[in-house]
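Each chain, written out:
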Amino acid sequence: SRIFTDALNRISGISTSLVPDPTQGPFSRIHARFDETSGPSAREVADQLREGHPAIYVFENEVNDGILIFEIMALTDSEQSAIISRLWDLCSSDHS
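In this report, the structure presented in the accompanying data block is examined. Keep in mind it's a predicted model, so treat the numbers as computed, not measured. (Residues numbered from 1 in each chain as written. Predicted model: local features only at pLDDT ≥ 70, side-chain atom pairs only at ≥ 80, totals over all residues. Heavy atoms only, no water.)

1. Observations concerning helix α1 (residues 2-9)
For α1, every residue scored as buried is listed here: F4, T5, A7 and L8. Summarising the axial view, the buried residues of α1 lie within an arc of 160°, below the 170-degree limit, and thus occupy one face. For α1, the exposed residues lying more than 90 degrees away from the buried face are R2 and I3. In this structure, the buried residues of α1 make contact with β1 (14-19), β2 (29-34), β3 (67-70) and α3 (77-92). (Buried < 20%, exposed > 50% of the residue type's maximum accessible area, 1.4 Å probe, protein only. Helix = DSSP H or I, 4+ residues; strand = E, 2+ residues; numbered from the N terminus. Arc of directions from axis to C-beta. Contact = heavy atoms within 4.5 Å.)

2. Concerning the sheet that holds β3
Strand order in this open sheet of 3 strands is β1-β2-β3, and the pairing throughout is antiparallel. Only two strands of the sheet have a single partner each, and these edge strands are β1 and β3. Between one strand and the next, the sheet's axes are offset by a mean angle of 25°, whatever the strand orientation. The strands that helix α2 (residues 42-51) touches are β2 and β3; relative to β3, the one it contacts most, it runs at about 40°. (Pairing = 2+ DSSP bridges. Axes fitted to C-alpha atoms, helices over the stretch in contact; angles between N-to-C directions.)

3. A word on the nonpolar core
Core analysis: the biggest nonpolar cluster contains 23 residues, and F4, L8, F34, V45, L68, F70 and L87 have the highest contact counts within it. Sort the elements by how many residues they give to this core and α3 lands first, with 5 residues. Ignoring sequence-local partners within four residues, the contact set of F70 consists of F4, L8, R29, I30, A32, V58, I83 and L87. (Core = buried A, V, L, I, M, F, W, Y, C linked by side-chain atoms within 4.5 Å.)

4. Points about the pattern of salt bridges
The tally for this structure, following the rule as stated, stands at 6 salt bridges. Of the charged contacts in the structure, one is a salt bridge between E71 and R29, with a shortest N-O distance of 2.9 Å. Of the two residues, E71 sits in the loop between β3 and α3 while R29 sits in strand β2, which places them 42 residues apart along the sequence. Judged by its relative accessible area of 29%, E71 is partly exposed. (Salt bridge = Lys/Arg side-chain N within 4 Å of Asp/Glu carboxyl O.)

5. Side note on the packing of α1 against α3
It is the contact of α1 with α3, at a shortest axis distance of 10 Å, that shows an interaxial angle of 10°. Considered as vectors, α1 and α3 are oriented roughly parallel to each other. Residues F4, A7 and L8 of α1 form the contact with α3, whose own contacting residues are Q80, I83, I84 and L87. Of the residues that constitute the contact of α1 with α3, the class distribution is 6 nonpolar, 1 polar and no charged. (Parallel < 35°, antiparallel > 145°, perpendicular 65-115°, else oblique. Nonpolar A, V, L, I, M, F, W, Y, C, P; charged D, E, K, R; others polar.)

6. Brief notes about the packing of aromatic side chains
Counted under the stated rule, the structure contains 1 aromatic pair. When the ring centre of F59 is taken as reference, the NZ or CZ atom of R29 above it lies at 4.3 Å. (Phe/Tyr/Trp six-rings, centres within 6.5 Å; stacked < 30°, edge-to-face > 60°. Lys NZ or Arg CZ within 6 Å of the ring centre and 35° of its normal.)

7. A closer look at the environment of L75
Mapped onto the secondary structure, L75 falls in the loop between β3 and α3. Its relative accessible area of 29% is what places L75 among the partly exposed residues. Between the C-alpha atom of L75 and that of G39, which follows or precedes it by 36 residues, the distance is 26 Å. In contact with L75, not counting residues within four places along its chain, are Q80 and I83.

Right, dumping it as structure tokens:
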């Protein structure tokens, strides 16, 4: 998850933190905070991830606070790379 969070932190407008699993699971979740002043909102990103191909679903419990939650423990490296690439594209586009 360190590689995933480091990659997300390099995307303008996203900052991440690792948060313990609320169900006491052995893996942390990744909270990605979106700075709406410099890019799309968390809601916009969640919607575009879900509507894209392939569809990417994230936890939206804190979307109104500008946070998307990722649980990547079961994802392959290529699946993680696909998510990073989609986020890079969405946050690098002109959303104004």
